[in-house]
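# Coordinate inspection notes
Residues per chain, in single letters:
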Amino acid sequence: MHYSDFGLANTKKLLNRALHKGYAVPAFNFYNMETLQAILDAAKITQSPIILAVSESALEYMGGEILMGMIRGAEYKREQIALHLDHGHSFDICKYATDLGFSSVMFDGSALPLSKNISESRRVADYVHQFDVSLETELGVLAGTEDQNTKASAHSFTDPDLVKDFVKQTKTDSLAVAIGTTHGAYKKKSPNEALRFDILEQIATNIPNVPLVLHGASSIPQKYVNQINKFGGDIKNARGTSPAQIRRAISMHIAKVNIDSDSRFAFTASVRKTLVSEPEIFDPRRYLDMARKEMTKNCIDEIQNIMGSGYKI
Ligand code: G3H
Ligand code: 13P
Ligand code: ZN
């Protein structure tokens, strides 16, 4: 299938608009029906364009056909929705997602030697561009737990001197940059530990027309960490990047902001609270409904207070 059969948009269109208007399109990850509905509801309420992000492991968890069935049923302006493969690590998975009906893929060659990152990114570009599917690539490495298969122990910041040539050679449509954000729930020693805005500024100067992407942008609201721990969880030292820093990055050419961990915290905090405070509940729909509402609330908050993408459609 082609993504146009689902009425979806590619990210090229959504991100170029965001870049020139100074906001960021949120890319929220989902893994099941409830998390998908939570994101769509938030987009609908805020009238925001939206990128539905699916990691390799989430794709495997849901199964491609069930996933596309849910997308077919998505009740929102389809031309404002992009379906995006997050951190595709091989040509084959990027091809699979494209053939399934995704409108955008990320080829993540950040762990490869530079020349291999370039050649594989270009190979993916040559395939996906035939179908007008947009491509995101990454230069530099984020620390932290990226997905169920990948973990990097240290940052390797994006080298601003390499970006122009990287974009030219790979033909990428957007570029994920490493400027100090970290994947997962254990980011900074202090939420105010600064990102490398100096690096971001140089990158933006060198490739002013390329939408930049910020991964690892969760702020990890402490109210959810506390709620999880209060209701039987055991999460220590979870900390994110402050919304103020993400907003500053958005003012400097970041046009796509990836958030996953915050949604996991919102969802889990709600499930824990419900199951402990209403122990008679055993119908999953009761606690899953409350959890998806909590996730929607958090997505709305981030769209309004961080992304600035509400009413931009
Ligand atoms: O950055 C990647 C996402 O947070 C997805 O991770 O493989 O656990 O779904 P996952
Ligand atoms: P967080 O772990 O900060 O939510 O980052 C998610 C992400 O970058 C998905 O690609
Ligand atoms: Zn990421």
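Our subject is the structure that appears above.
The following paragraphs examine the structure supplied in this document. In this text, all values refer to a predicted model and were calculated from it rather than measured experimentally. Residue indices begin from 1 for each chain and proceed along its sequence in written order. Each chain takes a letter, starting from A, and each ligand takes a number, starting from 1, following the order in which they are written. Where totals are concerned, whole chains, interfaces and linings use all residues; where local detail is concerned, this predicted model gives features only for residues with pLDDT of at least 70, and gives and counts side-chain atom pairs only at 80 or more. Values shown for side chains rest on all heavy atoms present in the structure; no hydrogens or waters enter the calculation.

## A short note on the site of ligand 2
Neighbouring ligand 2 are 14 residues, the closest being Asp-86, Lys-187, Ser-218, Asp-260 and Ser-261. One of the side-chain N or O atoms of His-87 is found 3.2 Å from an oxygen atom in ligand 2. Where accessible areas are quoted, they stem from the Shrake-Rupley method and a 1.4 Å probe; at the residue level, only the protein chains shown are allowed to cover. If ligand 2 stood free it would expose 300 Å²; the protein chains cover 97% of that surface. A helix here means a DSSP run of H or I that spans at least four residues, while a strand means a run of E at least two residues long, and both kinds are numbered starting from the N terminus. Of all the elements in the fold, those that place two or more residues in the shell around ligand 2 are β3 (81–88) and β11 (254–259). Note on residue categories: nonpolar means Ala, Val, Leu, Ile, Met, Phe, Trp, Tyr, Cys or Pro, charged means Asp, Glu, Lys or Arg, and polar means any other residue, Gly included. The class makeup of the residues in the shell around ligand 2 is two nonpolar, nine polar and three charged. By convention in these notes, a residue is near a molecule or strand provided one of its non-hydrogen atoms lies within 4 Å of it. In protein, a polar contact requires one atom able to donate a hydrogen and another able to accept it; more generally it is a pair of N or O atoms within 3.5 Å, and residues adjacent in sequence count only if both atoms are side-chain atoms.

## A look at the coordination of the zinc ion (ligand 3)
Each pair of donors in an ideal four-coordinate tetrahedral metal site encloses 109.5 degrees, whereas pairs in an ideal six-coordinate octahedral site enclose 90 or 180 degrees. Here the term donor refers to an N, O or S atom within 2.8 Å of the metal (or 3.2 Å for Na, K and Ca), and because water is left out of the atoms, sites may appear incomplete. For the zinc ion (ligand 3), the full set of protein donor atoms is His-87 (NE2), His-183 (NE2) and His-215 (ND1), at a range of 2.1 Å. For the zinc ion (ligand 3), the single-chain donor residues occur in sequence as H-x95-H-x31-H. With His-87 in strand β3 and His-215 in the loop between β10 (212–214) and α9 (222–230), this residue pair connects regions lying 128 residues apart in the sequence. Each member of the pair His-87 and His-215 is classed as buried. Think of it in three bands: residues with accessible area under 20% of the maximum for their type are buried, residues over 50% are exposed, and the middle band is partly exposed, with areas taken using a 1.4 Å probe on protein chains only.

## A few points about the packing of helix α2 (residues 33–46) against helix α12 (residues 284–307)
α12 packs onto α2 with a crossing angle of 40° between their chain directions and a minimal axis gap of 8 Å. When the axis of α2 is compared with that of α12, the two are oblique. Here α2 runs over α12; the crossing is right-handed. Touching Met-33, Glu-34, Thr-35, Gln-37, Ala-38, Ile-39, Asp-41, Ala-42, Ala-43, Ile-45 and Thr-46 of α2 are Leu-288, Arg-292, Met-295, Thr-296, Cys-299, Ile-300, Ile-303 and Gln-304, all from α12. Each residue belonging to the contact of α2 with α12 can be placed in one class, and the counts come to eleven nonpolar, five polar and three charged. Axis lines are fitted to C-alpha atoms, over the contacting stretch for helices. Their N-to-C directions set the angle, which ranges from 0 to 180 degrees. Orientation is classified from the angle alone, with under 35 degrees giving roughly parallel, over 145 giving roughly antiparallel, 65 to 115 giving roughly perpendicular, and any other angle giving oblique. The handedness criterion is simple: a crossing whose near helix is rotated anticlockwise from the far helix by less than a right angle is left-handed, and one whose near helix is rotated clockwise is right-handed. What makes two residues a contact is simply this: any of their non-hydrogen atoms within 4.5 Å.

## Examining the sheet that holds β10
With parallel pairing, eight strands are arranged side by side around a closed barrel as β1-β2-β3-β4-β5-β8-β10-β11. Across this sheet, the average inter-strand angle for adjacent strands is 25°, counted without regard to direction. When DSSP finds at least two bridges between two strands, those strands are taken to pair. Note that β10 and β11 share three bridges and pair parallel. In the sheet register, Leu-214 faces β11, and the bridge partner there is Val-257. The sheet contacts of helix α7 (residues 163–170) involve β5 (134–139) and β8 (174–177), and relative to β5 the element is tilted by about 145°. Contacts from α12 reach β1 (25–29), β2 (50–55) and β11, with the element oriented near 155° to β1.

## Thoughts on the environment of Gly-88
Examined against the element boundaries, Gly-88 turns out to sit in strand β3. Taking the relative accessible area as the measure of exposure, Gly-88 reaches 0% and is therefore buried. The sequence separation of Gly-88 and Thr-181 amounts to 93 residues, and the corresponding C-alpha distance is 19 Å. Ignoring anything within four residues of it in the chain, the contact list for Gly-88 reads Glu-56, Ile-93, Cys-94, Met-106, Phe-107 and Asp-108.

## Brief notes about the environment of Arg-122
Note on placement: Arg-122 falls in helix α6 (residues 114–128). For Arg-122, a relative accessible area of 29% puts it in the partly exposed group. With residues near it in sequence (within four places) discarded, Arg-122 still touches Gln-169, Thr-170 and Lys-171.

Functional significance is not addressed by these values, which are geometric in nature.
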